[in-house]
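Okay, here's what each chain looks like letter by letter:
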Amino acid sequence: MFVGGFATFALLYGPQPLLPLLTREFAVSPASASLSVSAGTAALALMLIPMSLLSDRYGRARLMQISLVCSALLSLLVPLVDSFEQLLVLRALLGISIAGLPAAAMAWLGEEIAPRAQGRAMGLYIAGNALGGMSGRFIAALLTEWSNWQTAFLVLGVMGALAALLFWQSVPASRHFHSRSLKPAALFADFVQILRDPGLPRLFLTSFLLMGAFVGLYNYLGFRLHEPPFNLGQTAVGAIFLLYVMGTWASAWSGRLVDRVGRRNVLWMMVVVMGAGLATTLASQLLLVILGVALFTFGFFGAHTTASGWVGQRARERRALAAALYLTGYYLGASIPGTLAGLAWSWGKWPGVALVLGGCVLGVLGLALQLRRLAPPVEPR
């Protein structure tokens, strides 16, 4: 599952440090260039619920295996494009294909991992997300500096293919899966029960705002660091994405912390760390900017690990559908606020971006404080 999480984020977010280059290469605006990321995340968001229903009906492991293989093949086609429109089509198809893995992963972990270890297991899966996001971004930036953007996409596709092969051979078969009906009446009843829960809709909105803030920061960080007073090159900007290692650590650490002190005591603290990091990025000294991004990254992955595990705990037997709704919010956040922050960059540069992202962080903090007061779900008789 760590490998699956690694491949998902490497394939989805590898192009992120290349946005300034794609802006020049295809003569598009920064907001348009960001569609090379958000086209994939938007398509993924739209497919999560259909994929989760397939997962509920036919099982988790095989869907995740097929998803990774198809995604790697699509990634290998990207270097062949000769227009920005073709690039966007392939990235959207990648998002559709890869949706099967996150749609089933959280449910698989909730079913197959002992309750006392679920926090750590979710933390390890999301640590794979973090490491994949870091590796994909850094490798893409490095290869583009040495060669060109086509080479960067080719290597990302090869990484995805290797991850798919390892995942296919290694993922254990489901032992506790029970097929659920796809009849409309049963699905409608599941939706109603999920939306009646006092915590789950708040967690879905939390995921939307969390990911909107996170993708917005990393989408436009490269634009800022290319400009004065920093004037960093492509490789140096790509090296900033090595701060994702903070996310790998935060995911595993916060997962263990959740197992000890509970989600309601971890979520709001991680959001406060995000806010402190965002404020620090407003500094004009590079070291302070790096510190701010590190704090923001640590807080984001800690909050995401906590919230995503909370969804499975509250949803119980409806965890696949609830996880899909959580991740739909998550990836729509990557697509909508993450792109809208480009408009803020156009009129206000980094302070404008920080203002938009700060609104997202404050929204998450309010939701976290509301969730802190909720009673745990009643155990079924």
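As shown above, the structure is provided for reference.
Presented here is an overview of the structure given in this document. (Residues numbered from 1 in each chain as written. Predicted model: local features only at pLDDT ≥ 70, side-chain atom pairs only at ≥ 80, totals over all residues. Heavy atoms only, no water.)

## Considering helix α6 (residues 84-98)
In a regular helix each residue adds 1.5 Å, so 15 residues correspond to 21 Å; α6 covers 21 Å between its end C-alpha atoms and thus fits that length. Phe-84, Leu-87, Leu-88, Leu-90, Arg-91, Leu-94, Gly-95, Ser-97 and Ile-98 are the residues of α6 that are buried. (Helix = DSSP H or I, 4+ residues; strand = E, 2+ residues; numbered from the N terminus. Expected span 1.5 Å × (residues − 1). Buried < 20%, exposed > 50% of the residue type's maximum accessible area, 1.4 Å probe, protein only.)

## Regarding the side chain of Ser-71
Looking at the element boundaries, Ser-71 is found in helix α5 (residues 61-77). A polar side-chain atom of Ser-71 sits 3.2 Å from the main-chain amide nitrogen of Ile-98. The residues contacting Ser-71, other than those within four sequence positions of it, are Leu-11, Leu-94, Ser-97 and Ile-98. (Polar contact = N/O pair within 3.5 Å; in protein donor to acceptor, adjacent residues only side chain to side chain. Contact = heavy atoms within 4.5 Å.)

## What to know about the environment of Pro-20
Here Pro-20 lies in helix α2 (residues 19-25). By relative accessible area, Pro-20 is classed as buried at 6%. The spacing of Pro-20 and Thr-248 is 228 residues in sequence and 26 Å in space, taken between C-alpha atoms. If sequence neighbours within four positions are ignored, Pro-20 has contacts with Gly-222, Phe-223 and His-226.

## Considerations on the nonpolar core
Tyr-13, Met-211, Tyr-218, Tyr-244, Phe-301 and Tyr-331 are the most contacted members of the largest nonpolar core, which has 128 residues in total. A per-element tally of this core places helix α11 (residues 200-226) first, with 15 residues. Setting aside its immediate chain neighbours within four residues, Tyr-218 contacts Gln-16, Phe-241, Leu-243, Tyr-244, Val-293 and Thr-297. (Core = buried A, V, L, I, M, F, W, Y, C linked by side-chain atoms within 4.5 Å.)

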